[in-house]
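Below are the chains, spelled out letter by letter.
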Protein chains: 4
Amino acid sequence: MTTVAFLGLGAMGYPMAGHLAGQFETRVWNRTPEKAQQHAAQHGSQACADVAEAVRGAAVLFTCLPTSAEVDALADTVLGAASAGLVWVDCTSGEPAAARALAVRAAQAGVVFLDAPVSGGTSGADAGTLTVMVGGDAGALDGVRPTLAFAAKVVHVGPSGAGFAVKAINNALLAVNLWAAGEGLAALARAGVDVSAALQVINASSGRSNATENLIPQRVVTRAFPVTFKLGLLAKDAGIALRVVNDARASAPVLNAVEGLMRGAANAVGADEDHTAALKLIERLNDQEIR
Amino acid sequence: MTTVAFLGLGAMGYPMAGHLAGQFETRVWNRTPEKAQQHAAQHGSQACADVAEAVRGAAVLFTCLPTSAEVDALADTVLGAASAGLVWVDCTSGEPAAARALAVRAAQAGVVFLDAPVSGGTSGADAGTLTVMVGGDAGALDGVRPTLAFAAKVVHVGPSGAGFAVKAINNALLAVNLWAAGEGLAALARAGVDVSAALQVINASSGRSNATENLIPQRVVTRAFPVTFKLGLLAKDAGIALRVVNDARASAPVLNAVEGLMRGAANAVGADEDHTAALKLIERLNDQEIR
Amino acid sequence: MTTVAFLGLGAMGYPMAGHLAGQFETRVWNRTPEKAQQHAAQHGSQACADVAEAVRGAAVLFTCLPTSAEVDALADTVLGAASAGLVWVDCTSGEPAAARALAVRAAQAGVVFLDAPVSGGTSGADAGTLTVMVGGDAGALDGVRPTLAFAAKVVHVGPSGAGFAVKAINNALLAVNLWAAGEGLAALARAGVDVSAALQVINASSGRSNATENLIPQRVVTRAFPVTFKLGLLAKDAGIALRVVNDARASAPVLNAVEGLMRGAANAVGADEDHTAALKLIERLNDQEIR
Amino acid sequence: MTTVAFLGLGAMGYPMAGHLAGQFETRVWNRTPEKAQQHAAQHGSQACADVAEAVRGAAVLFTCLPTSAEVDALADTVLGAASAGLVWVDCTSGEPAAARALAVRAAQAGVVFLDAPVSGGTSGADAGTLTVMVGGDAGALDGVRPTLAFAAKVVHVGPSGAGFAVKAINNALLAVNLWAAGEGLAALARAGVDVSAALQVINASSGRSNATENLIPQRVVTRAFPVTFKLGLLAKDAGIALRVVNDARASAPVLNAVEGLMRGAANAVGADEDHTAALKLIERLNDQEIR
């Protein structure tokens, strides 16, 4: 039976590792060890006390951490403990430049590093229906596809870093679509238009997006703003997109501008609120609730 | 049998009036009369030589013209020929301020004016599945709902002008979502990522919108850019949204910025190209084709 | 001796009319009559109880009101009382479209309307060193140049509306230069750079503007924010610029975006604060004081 | 007599090193050696065939290269040849992060690294009236102030990297002020206003900046666009500012957006044109010459 390891049992990683535990011998590690013990009790995984113990002898390693900085901090330990031939699938929403650098270091240790961020949110992680966008060696990806038990869709998008780049751009588009819809609805509300009727129309029309179809009706109009993906992390991802654009000497004035507004929202509203709470900043700028 | 009139047989109006002609006694008028004669021959409507002839005795009047200016130019003739109790359903993508003014003038002539723009494009018009967003008297709308034979969904969104306002904001969101997706894909292409793979991922992820799901795969990546909705008209609608925002003293920096970029695209690429050809400007700014 | 009339004794109008009173027979009117009586006592002008009394028999009429709406509200009375040949010099920061319409109406009454907004602030008004930018008949302007006693520089910039258009664009540039400098200084402050040293360098370098040379050192860094030109009025002027751009089918994404931010600042910080208090919004977006 | 070395005799470095040669024993090096020989012949400096020869025994080292990448490429050679106590004054418009890293490496070799970019353009370099903004050890700066013979103003702005950060923000403000003025003048031109009259007014008003006072009248309205500072370098500097902002988790939507437009201008108009040729992109977006 294949042995896999999973490092990082946060809001996404915890259920992702749960899907693995049903099919593979799964070792889990978390910075706060209680989470790993809880996971072992709930899903039948093996809680490991340290990173090296989790990695030693595993055929596939998954990481799912807040940023590339946390991944880099574990790299020496991981590469020291890794068996030759380990495939490291990093599901963090990380930096393309960090992926390229880590892929080179990993190769020197006989390890294949794939940047493999996921999309679908906590509900997709619970259901095991995440989308995975993968950068790096396509053959290595094919070898580990059967272990991606948390995914409904796995797409190879390019060389090392390409997975992180696509994820960053996807999240930047989420940020733009969300922010623009907030602006439009706040203006309509000020003009005396019913926001729910406007959403109903937009969602049957050409201006619709995931933001108008799902996020705003479920989280903003209800005033619930449930914290499943933090505003500070969306601002971080928009910042990664900024660097993807800049490194490619590409021109993206709108993505750039919205990064600034998302960072402003995180600073003014709170980085630990749900990402949809960015619209609370729009509400202040318009002296108008969006409902 | 109810008598209806339809003024303006353009790319949208022609098929919309066709759905009416199947159910009602339908009079049609067009600035170039050949179109009206063709419509009569194809759909069994009555071609009228002038506006007054079409309007006289009709219970419901539909207009579908390029801008509010063309509607205003017909208003004296329409109101002079109208029977008391006429309901005027203006499906133009018009100006809220023009709707408010015309509703007042119409009321003085015993006519009810409803601003009732549509969404769904030429394919929705052909299929009779348009969405209609209506501003003005809700009771009058209920009275004419049975005659909206071209619509799958009819939503009352507020007082006079609200229909035009929602349409303008919807199209402004279309403009933003389209432009931002173009920026993101151009940057990814420059970074060596496969655009089709990126679209596949985004469309299974949180950054998806009508632009990434339909417009860009069907029109941009194929290089077809079929002209069903002109870039100049999208720029005009984004300009109406600008005035909706400004009249409400609302704050919408992103909608504003994208209006400027759409107008720039119309000036630089051509107002008569399809609206998705705005991405040809992004391609120049990035020295990179989006495919 | 030439008889002139001045309507609107606000922060700008009061000292402007004072310069006239020293050289001409000057009638003044203000919505709150106490200001007019105070002006008469201080400057030797004649306080008039109503607009018609002030205008009757005057050779030149000056107006200096908050917006074109207030000017339009007086137009019937002014044109009813005007002597043929009156030249009406409107120093309001008004709307080009309103100027074009009023110029036509005025001509029908034998009056020449010039849109003639001023720049230089309250200190320029006090010193009589304002810049006047004039749209409308150049010959009529030449005839009244000697009466523009409050100006150091008078420039004819084009046909009716051109004066208001240039003023709006000037103020939009002020808004952009001010906002961008605020962003840059907030970022530097967060990065540990001394703001005063940075301003010293910028003001000896290529990035300098009136905002960095005068406004920010005198009003923001000092935390004084003295109210000489209200934030709500700057937001209004940026909105006029938006319409100038849009009416000309011009592309100005940056001016557009900053209009949205200025309106957001007026809504969030307060329309009655000084225009430089827009940077208090930047401070919130950056969680960082600019000093 | 103090011995100084100067590496990089480009459009700025050549005249800067000329001012040094008048007062100090000055060794010069350039990637293409002909420039160094020409400098020796013209200014009495000593042309060196390689970097190590220039650096060995010098008390102060100046570098003035296109980007931090070129500086980093020389660092091993420089630090290998440096005498203990060397003060390295890097006048490149570089990256703050590169400065911080290089300052640490330099200190390990007994060298003090100061990031010391300049402002004032080629005319300031010719006249010896540049402004220098310096990050790093203030005491070391005081020790070398007498050798900054090309400067009229030297300001210490903070720790390592602060000089580059201030320079980047200054140039980002230049980019914003220039672009916004271009947008405003293009709109006015389309509206029938005389551009020169508008500039005359703006330059006596609150919207004025270095861009409206100097660059646009001298370079754009004249259609001369003389290449003294390349568009590609301004786009690069705006990109550095983007990273300054992002690293500080600051919010700067307008600086961000203009970076995208400048990069777009460099891609579409040409990176080797003068920076003011960014307005040629505005002219295309407006189908209107700015003159």
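Thresholds applied
- Residues numbered from 1 in each chain as written.
- Chains lettered and ligands numbered in written order.
- Predicted model: local features only at pLDDT ≥ 70, side-chain atom pairs only at ≥ 80, totals over all residues.
- Heavy atoms only, no water.
- Helix = DSSP H or I, 4+ residues; strand = E, 2+ residues; numbered from the N terminus.
- Rg over C-alpha atoms; globule rule 2.2 N^0.38 Å.
- Contact = heavy atoms within 4.5 Å.
- Buried area = accessible area lost by both parts, 1.4 Å probe.
- Polar contact = N/O pair within 3.5 Å; in protein donor to acceptor, adjacent residues only side chain to side chain.
- Nonpolar A, V, L, I, M, F, W, Y, C, P; charged D, E, K, R; others polar.
- Core = buried A, V, L, I, M, F, W, Y, C linked by side-chain atoms within 4.5 Å.
- Buried < 20%, exposed > 50% of the residue type's maximum accessible area, 1.4 Å probe, protein only.
- Least-squares fit on C-alpha atoms with pLDDT ≥ 70 in both.
- Salt bridge = Lys/Arg side-chain N within 4 Å of Asp/Glu carboxyl O.
- Domains from an automatic or database assignment.
- UniProt positions renumbered as here; feature names shortened; annotations may be inferred.
- Pairing = 2+ DSSP bridges.
- Right-handed = clockwise from strand over helix to strand, strands pointing away.
- Axes fitted to C-alpha atoms, helices over the stretch in contact; angles between N-to-C directions.
- Parallel < 35°, antiparallel > 145°, perpendicular 65-115°, else oblique.
- Phe/Tyr/Trp six-rings, centres within 6.5 Å; stacked < 30°, edge-to-face > 60°.
- Lys NZ or Arg CZ within 6 Å of the ring centre and 35° of its normal.

Q: Account for the overall build of chain A, naming residues and giving values.
A: What chain A contains, in helices and strands, is 13 helices and nine strands. Taken against the 2.2 N^0.38 rule, which gives 19 Å for 291 residues, the C-alpha radius of gyration of chain A at 20 Å falls within 12% of a compact globule. The principal-axis extent of the C-alpha atoms belonging to chain A is close to 65 × 45 × 35 Å. In chain A, the proportion of contacts linking residues at least 24 apart, taken out of those at least 6 apart, comes to 65%.

Q: Which residues make up the interface of chain B and chain D, and what values do they have?
A: It is common to give the size of an interface as the accessible area lost on bringing the parts into contact. Each partner contributes residues to the interface: chain B has 11 residues there, and chain D has 11 residues. In total, chain B and chain D occlude about 660 Å² of area from one another, counting both sides; carbon and sulfur atoms represent 60% of this. Linking chain B to chain D there are two residue pairs in polar contact (both at pLDDT 80 or more). Those elements that place two or more of their residues in the side of chain B that touches chain D are α12 (253-269) and α13 (278-286) of chain B. It is α12 of chain B that provides the largest number of residues to the side of chain B that touches chain D, a total of five residues. Split into classes, the residues belonging to the side of chain B that touches chain D amount to four nonpolar, three polar and four charged.

Q: Can you tell me about the nonpolar core, naming the residues and giving the values?
A: Grouped burial of nonpolar side chains is what soluble globular proteins tend to show. Core analysis: the largest hydrophobic core is formed by 240 residues, its most contacted members being Trp 179 of chain A, Trp 179 of chain B, Trp 179 of chain C together with Trp 179 of chain D. Residues contacting Trp 179 of chain A, with those up to four places away along its chain left out, are Val 258, Leu 261, Met 262, Ala 278, Leu 281, Ile 282 and Leu 285 of chain A together with Val 254 of chain B. In this structure, Met 12, Leu 20, Val 28 and Ala 36 of chain B belong to the second largest nonpolar core, which totals 31 residues.

Q: Can you break down the relation of the copies chain B and chain D residue by residue, with the values?
A: For these two chain copies, the linking operation is a rotation about an axis paired with a shift along it. With an axial shift of 0.0 Å and an RMSD of 0.0 Å, the rotation relating chain B to chain D amounts to 180°. The transformation relating the two chain copies, once decomposed into turn and shift, fits a two-fold axis. Here 100% of the interface residues in chain B have copies in chain D that are interface residues too; the copies meet face to matching face.

Q: An account of the interface of chain A and chain B is needed here, citing residue identities and associated values.
A: If you look at the interface, chain A gives 56 residues, while chain B gives 56 residues. Together, the buried faces of chain A and chain B total about 4600 Å²; carbon and sulfur atoms form 65% of this surface. The largest contributions to the chain A side of the interface with chain B come from Glu 183, Val 201 and Ser 206 of chain A, which together make up 12% of the buried area. On inspection of chain A and its partner chain B, the count reaches zero salt bridges. The interface formed by chain A and chain B includes 22 residue pairs in polar contact (both at pLDDT 80 or more). The set of elements that each furnish at least two residues to the side of chain A that touches chain B consists of β8 (130-135), β9 (151-158), α8 (162-190), α9 (195-202), α10 (210-220), α12 (253-269) and α13 (278-286) of chain A. If you tally residues by element for the side of chain A that touches chain B, the top one is α8 of chain A, at 18 residues. Split into classes, the residues belonging to the side of chain A that touches chain B amount to 33 nonpolar, 17 polar and six charged.

Q: I'd like to hear about the domain arrangement of chain A, residue by residue, with values.
A: Residues and elements named next belong to chain A. The domain boundaries assigned to chain A delineate domain 1 (3-159) and domain 2 (165-286). Measuring from the centre of the C-alpha atoms in domain 1 to the corresponding centre in domain 2 gives 29 Å. Of the residues lining the interface, 13 residues belong to domain 1; the matching set on domain 2 comes to 12 residues. In total, about 930 Å² of surface goes out of reach between domain 1 and domain 2, with carbon and sulfur atoms giving 58% of it. Of all residues in domain 1, Ser 93, Glu 95 and Pro 96 bury the most surface against domain 2, accounting for 40% of the area lost on that side. For the pair domain 1 and domain 2, the interface holds one salt bridge. Put simply, Arg 243 and Glu 95 hold a salt bridge, and the shortest N to O gap is 2.5 Å. The interface formed by domain 1 and domain 2 holds four residue pairs in polar contact (both at pLDDT 80 or more) in total. If you list the elements that add at least two residues to the side of domain 1 that touches domain 2, you get α5 (96-108) and β7 (118-119).

Q: Quick rundown of unusual backbone geometry? Include the residues and the values.
A: Note: most peptide bonds trans; most residues except glycine with negative phi. Even without being a glycine, Phe 225 of chain A presents a positive backbone phi close to 45°. The phi dihedral of Arg 249 of chain D falls on the positive side, at around 50°, and the residue is not glycine. Following the sequence through the fold, Arg 249 of chain D ends up in the loop between α11 (231-247) and α12 (253-269). Taking relative accessible area as the criterion, Arg 249 of chain D reaches 48% and is therefore assigned partly exposed.

Q: Requested: an account of the UniProt feature "active site" (unreviewed entry) in chain A, with residues and values cited.
A: Residues and elements named next belong to chain A. The sites that UniProt annotates as "active site" (unreviewed entry) are Lys 167. Within the secondary structure, Lys 167 is located in helix α8. Its relative accessible area of 10% is what places Lys 167 among the buried residues. Filtering out sequence-adjacent residues up to four positions away, Lys 167 remains in contact with Ser 93, Pro 117, Val 118, Ser 119 and Met 133.

Q: Can you tell me about the pairing of strand β6 (residues 112-115) of chain B, naming the residues and giving the values?
A: Residue and element names in this part refer to chain B. As judged from the four bridges shared by strand β5 (residues 87-90) and β6, these two strands associate in the parallel manner. Each bridged residue has a counterpart across the sheet, and for Val 89 the counterpart in β6 is Leu 114. Regarding topology, helix α5 (residues 96-108) serves as the crossover connection from β5 to the parallel β6, and that connection is right-handed.

Q: Could you give an account of the packing of helix α4 (residues 68-81) of chain D against helix α5 (residues 96-108) of chain D, naming the residues involved and the relevant values?
A: All names here are of chain D. Their axes nearest at 11 Å, the elements α4 and α5 cross at an angle of 0°. It follows from the interaxial angle that α4 and α5 lie roughly parallel. Contacts between α4 and α5 involve Ser 68, Val 71, Asp 72, Ala 75, Asp 76 and Leu 79 from the former and Ala 98, Leu 102, Arg 105 and Ala 106 from the latter. Among the residues forming the contact of α4 with α5, the class breakdown is six nonpolar, one polar and three charged.

Q: Go over helix α1 (residues 13-21) of chain D with me, naming the residues and quoting the values.
A: Because an α-helix packs 3.6 residues into every turn, residues spaced three or four apart end up facing the same way. Most of α1 of chain D is tucked away, with eight of its nine residues classed as buried. Of all the positions in α1 of chain D, only Gly 13, Tyr 14, Pro 15, Met 16, Ala 17, Gly 18, Leu 20 and Ala 21 of chain D are classed as buried.

Q: Report on the environment of Arg 243 of chain C, specifying residues and quantitative values.
A: Residue and element names in this part refer to chain C. Relative to the elements of secondary structure, Arg 243 occurs in helix α11 (residues 231-247). A relative accessible area of 23% places Arg 243 in the partly exposed class. Through-space distance from the C-alpha of Arg 243 to that of Glu 95 is 8.6 Å; in sequence the pair is 148 residues apart. There is a polar contact of 2.5 Å between the side chain of Arg 243 and the side chain of Glu 95.

Q: A description of the pairing of strand β1 (residues 3-7) of chain D should follow, citing residues and the corresponding values.
A: Residue and element names in this part refer to chain D. Across the five residues that make up β1, a large majority, five, are buried. Residues Thr 3, Ala 5 and Leu 7 point to one face of β1 and Val 4 and Phe 6 to the other, with burial holding for every one of them. By the bridge criterion, five bridges tie β1 to strand β2 (residues 25-29) in an arrangement that is parallel. By the bridge assignment, Phe 6 is partnered in β2 with Val 28.

Q: Would you mind going over the side chain of His 275 of chain C in detail, with residue names and values included?
A: All names here are of chain C. Assignment of secondary structure puts His 275 in the loop between α12 (253-269) and α13 (278-286). Overall, His 275 belongs to the buried group, its relative accessible area being 4%. Not counting residues up to four positions away in its chain, the partners in contact with His 275 are Leu 174, Leu 178, Leu 215, Arg 219, Phe 229, Lys 230, Leu 231 and Leu 234.

Q: An account of the packing of aromatic side chains is requested, with residue identities and associated values reported.
A: Counted under the stated rule, the structure contains 12 aromatic pairs over all chains. Measuring from centroid to centroid gives 5.2 Å for Trp 88 of chain C and Phe 113 of chain C, while their planes differ by 80°, and the two rings are edge-to-face. Of this pair, Trp 88 of chain C sits in strand β5 (residues 87-90) while Phe 113 of chain C sits in strand β6 (residues 112-115); the two residues are 25 residues apart in sequence, bridging distant segments of the chain. Pairing Phe 6 of chain D with Phe 62 of chain D gives two aromatic rings, centres 5.9 Å apart and planes at 15°, and the pair type is stacked. One end of the pair, Phe 6 of chain D, is in strand β1; the other, Phe 62 of chain D, is in strand β4 (residues 60-63), with 56 residues separating them in the sequence. Owing to a relative accessible area of 0%, Phe 6 of chain D belongs among the buried residues under this scheme. Residue class for Phe 62 of chain D comes out buried when judged on its relative accessible area of 0%. Taken together, the ring pairs in this structure connect Phe 6, Phe 62 and Phe 150 of chain A into an aromatic cluster. One residue, Lys 280 of chain A, lies across the ring of Phe 225 of chain A, its end atom 4.6 Å from the ring centre.

Q: For the pattern of salt bridges, give the residues involved together with the corresponding values.
A: Inspection of the entire model under this criterion finds 44 salt bridges over all chains. Each of Arg 223, Glu 283, Glu 289 and Arg 291 of chain A takes part in salt bridges that share partners, so that together they form one network.

Q: Now, about the UniProt feature "domain: 6-phosphogluconate dehydrogenase NADP-binding" (unreviewed entry) in chain A: what can you tell me, with residues and values included?
A: When the UniProt feature table is mapped onto this chain numbering, "domain: 6-phosphogluconate dehydrogenase NADP-binding" (unreviewed entry) sits at residues 3-158 of chain A. From the first C-alpha to the last, residues 3-158 of chain A spans 27 Å; its make-up is 42% helix and 26% strand.

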